Amino acid sequence: MLRAMLEARDVGCAEKDEKIISFVMTRRHLGWREKAALLTSFLVLVAEQQEPRDADFVPERDSQLSDAAIDAAMDVDGELSATPPDILAQLARSPGSSGGGPSQRSPGGLGVSPLGAADSVASPPAAAASATHGYGMRGRPAVKAQAGAAAQQVARDVARSLVGGQREEATALLEARVRGEGATISRSYAAKQAKAVANEMFATAGGLTNAAEVFGKVLKLPEIRILVDLSNWLDESTSLDERLVANVVSLIAARFQTRGTRHASDQNALEAILVALVDEKLAQDRLITAVAELLGVQWHAVKRAIERRAKIMSEEIEQKDGIWTQHPRSTRCDKYELPGFYEFQHDETFFRFVSSRSTPLREHIGLREYKIHWAREVPNEKRDVIDIYLHDPRAEKYRKMDREKNGGHLPQRTILSNHICFCLVLPTYDQCADPLYTQLRANLPAWHALRSSWHKEANVCDESCACKKDWFLRSTKSEGDLHECLLCEPKDEPELRVEGDSGAPPRLYAPCCTRGECAQPGCLAARLTLWRACKTEHAESGALVRYRKYAKMPRTRGDGTEYFEVEFVYVEESPKAMTQTMLSAVETYLEHRRAHLYAVKQRELCIEKLKRAGPLAQLAASLGKTEAEAIDALRSCEHPKHLELTDHDIIIFTDFAARVKYENASSSTCDHPNIGTICIAVVLHSPADRHVTKDMTESERQPTGLEDSAVSDPSKAAQTVTLGKRKQMVVVEKTLQCDVFAGYSEESGNARYDQTFQRDIVAFYKLGHFVHATAATSRGVPVPIGKDAASAKQSDYDTERLKREEAKSAAKKKEAEAKAAAASSASGSAVPAPAPSP
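Because the structure is a prediction, the values reported are computed rather than measured.

Comments concerning the pairing of strand β12 (residues 562-573)
Line of reasoning, step 1. Two strands pair when backbone bridges link them, and strand β11 (residues 545-556) and β12 are joined in this way by twelve bridges, in the antiparallel orientation. Its bridge partner being in β12, Thr556 is matched across the sheet by Glu562.
Line of reasoning, step 2. Hairpin connection between β11 and β12: a loop of five residues separates the two successive antiparallel strands, and Gly560 in this loop has a positive phi of roughly 95°.

Quick word on the packing of aromatic side chains
Line of reasoning, step 1. For the structure shown, the criterion picks out 18 aromatic pairs.
Line of reasoning, step 2. Ring geometry for Trp471 and Phe472: centres 5.6 Å apart, planes at 65°, overall edge-to-face.
Line of reasoning, step 3. Using a relative accessible area of 9% as the deciding quantity, one classes Trp471 as buried.
Line of reasoning, step 4. On the numbers, 5.7 Å between centres and 80° between planes, the contact of Phe764 with Tyr765 is edge-to-face.
Line of reasoning, step 5. Of the residues examined, Phe764 reaches a relative accessible area of 24% and is grouped as partly exposed.
Line of reasoning, step 6. By the ring-pair criterion, three or more aromatic residues cluster together here, those being Phe341, Phe344, Phe350, Phe351, Tyr389 and Tyr398.
Line of reasoning, step 7. Sitting over the face of the ring of Trp447, Arg451 holds its NZ or CZ atom 5.6 Å from the ring centroid.
Line of reasoning, step 8. It is Arg546 that lies over the ring of Tyr570; its NZ or CZ is 3.8 Å from the centre.

Some words on the packing of helix α22 (residues 479-486) against helix α25 (residues 575-611)
To characterise two packed helices, one gives the angle between the axes of the helices and the distance between these axes.
Line of reasoning, step 1. Where α22 contacts α25, the axes come no closer than 12 Å and their chain directions differ by 95°. Looking at the two axes, α22 sits roughly perpendicular to α25. Residues Glu479, Leu482, His483 and Leu486 of α22 form the contact with α25, whose own contacting residues are Val586, Tyr589, Leu590 and Arg593.

Details of the confidence of the model for the chain
Low-pLDDT portions of the prediction should not be read for the details of their coordinates.
Line of reasoning, step 1. Averaged over all residues, the pLDDT of the chain equals 78, while 81% of them reach at least 70.
Line of reasoning, step 2. Put simply, helix α5 (residues 85-92) is where the chain has its lowest mean pLDDT, 33, and helix α23 (residues 511-514) is where it has its highest, 94.
Line of reasoning, step 3. Low pLDDT, under 50, characterises residues 50-138; the stretch is placed with 135 contacts to residues that sit more than four places away or in other chains.
Line of reasoning, step 4. Residue range residues 830-838 is modelled with pLDDT below 50. Its contacts to residues more than four positions away, or to other chains, number zero contacts.

Rules used in this analysis
Residues numbered from 1 in each chain as written. Predicted model: local features only at pLDDT ≥ 70, side-chain atom pairs only at ≥ 80, totals over all residues. Heavy atoms only, no water. Pairing = 2+ DSSP bridges. Helix = DSSP H or I, 4+ residues; strand = E, 2+ residues; numbered from the N terminus. Phe/Tyr/Trp six-rings, centres within 6.5 Å; stacked < 30°, edge-to-face > 60°. Buried < 20%, exposed > 50% of the residue type's maximum accessible area, 1.4 Å probe, protein only. Lys NZ or Arg CZ within 6 Å of the ring centre and 35° of its normal. Axes fitted to C-alpha atoms, helices over the stretch in contact; angles between N-to-C directions. Parallel < 35°, antiparallel > 145°, perpendicular 65-115°, else oblique. Contact = heavy atoms within 4.5 Å. pLDDT = per-residue confidence, 0-100.

Right, dumping it as structure tokens:
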């Protein structure tokens, strides 16, 4: 009962009030009379602490709690049946209370009830309070009530202006009112007032359905619609859906409202917007009316949009009617389903992963949804994928899958070419490709097929030959089988482990194995000897086989002189010659790949060490030397600390890139530009803690259709990812700065040029200038060149280049000034002709 009384007042039943009530009611040593006295005294104390009401307070009768609500509250508390009737009557009586404020507490602690007099216990306590002291009567200060009435009138005027098409006047009126009101109330106070409005609405309606009807009518009021738009405008946390709907409504009101005939393009745009907004569930007349009023369009326009939407959606459903089958309109009737062809393209038996790529490929298939596939290399061209699929016996199971899905038929080559996966890439057989890798990888599939046919059709070896063993034919099936069949087991290399790596340490093959120096019978030297002893693969034959190899090809210059250039071309040779060429390629490939993988791990290890490197001053202090002396000491390989990195060290990676044609500033007739190569150097330096933005977006994995396909590297399995809401976080990480240098050389692979280039880079970081360069610029600014700081100066080439650029800029500026002067003089000389006399 006390909770109901406090809820009926403006203060409400706070958390502290609940604690006090619970404390009193749970005291076992107190009787019910003592508990009633204490709770009554507490209610009097709360009433005494009420702030005095405003003199200009305009009382408005608040909705009181009904008898049923009070009974429900008392039933929940469980105290009604335990309280005698005479105590309830005492709580309802208030002898001697005649003023507007609360009465004083009487001696004995039981105090006089602040609820006022009541004729009987059955009279509602809240009603008695409002009848005597005005508690439970709510109102607002007069100034606030007047301001609210004025704001309501402004909202109505704005709505009236919008209906009349005066959008600019409505916007100006609304903005002036908003700016004139100043700061808004706090969010917590706004939430409290919102709860009061909701309580008032439900109390007035008296039911959930009635409240829904009342709320629907409230939303149709012109001032409430303005408030909704204003709330979306002011509240940055408004949902995207609400903003989109508001934008559509404003676009329809500004662009498509007309009193005459609407243009055909506008009519089509309006119909498309309405079709996108509605659905089939809005077919009721009552809902159509609501949508039409919300969007500000005609009733029949919404009706037509719903019918059109229903027709479009029905066309996307596959259903059968008698002997006819209705397919979705978006699906072509001649569309093929090719799950077998899709799995075939991701079978490592046919298409291996490209080892030169460190990141996967992506294909976006929807909003924030994409596929992740690691690149796979085709044998030669994309059309070879179709040839292998259609004619290779190993692909029969995939062709069978596709026949079952398409009524026993396979599609034509054109359809297959349109279904080639994005992860299949062409082999890198260009001037940047590694010839040792290319020679083996380009011919390995064809070589394996030829070896299988030789041993099946024309085998001349006896049982003692190595070709009868399992490893012999299996060795050329893939690069992995080549390593497994011809080398010993790889060994763990814990010293190459980089911090952050998960799992076991890197495993590399021993150098003695890849160089053919291992004496084990199952290693490279012994097995190549057995391979070269096979009579079947080294038999003399008049048949020729076609494969690719690097060969010197004669070429003719423009002046008629001949020269030879090494190119990767198709050749036709005997099987014996091809076997010898490929065995030589295998020997060089295995050692080259081991050295390559070792260099990659060393590069990662150096980068990680540089990130964790300490300052040079700290190392010098530990050695008891100055920084200059410490640098000189660390240059000696005999010093025990010569491998320790500091923040003064840099890491340089160099490589010669593709050939380029230089663009001359001026050239004569038929003059060909010079051709050279670019030596790229990547420099990492200056380890420090820096702010890094990390992507923390959550993702969800979707089915790919390739779950049953075997993958040699689980980290390269295909994925289909759906991203959630994008999230980013700024963290502090140890990072390095990266600079890129480009040096132009006349020939590629020149070791002397490469070393000179690196010495110039070191001089640039130490001294601020280059030593051996002919010309150098950094972001368009010339870099000094010289043997020391005193003699370093800008190169003659850069001086002439800057002069030419300044001359061009001056000429352009002069031309622009001349055009502006001509335009101004033309406009000044144009005098209007005098008007003819009447």
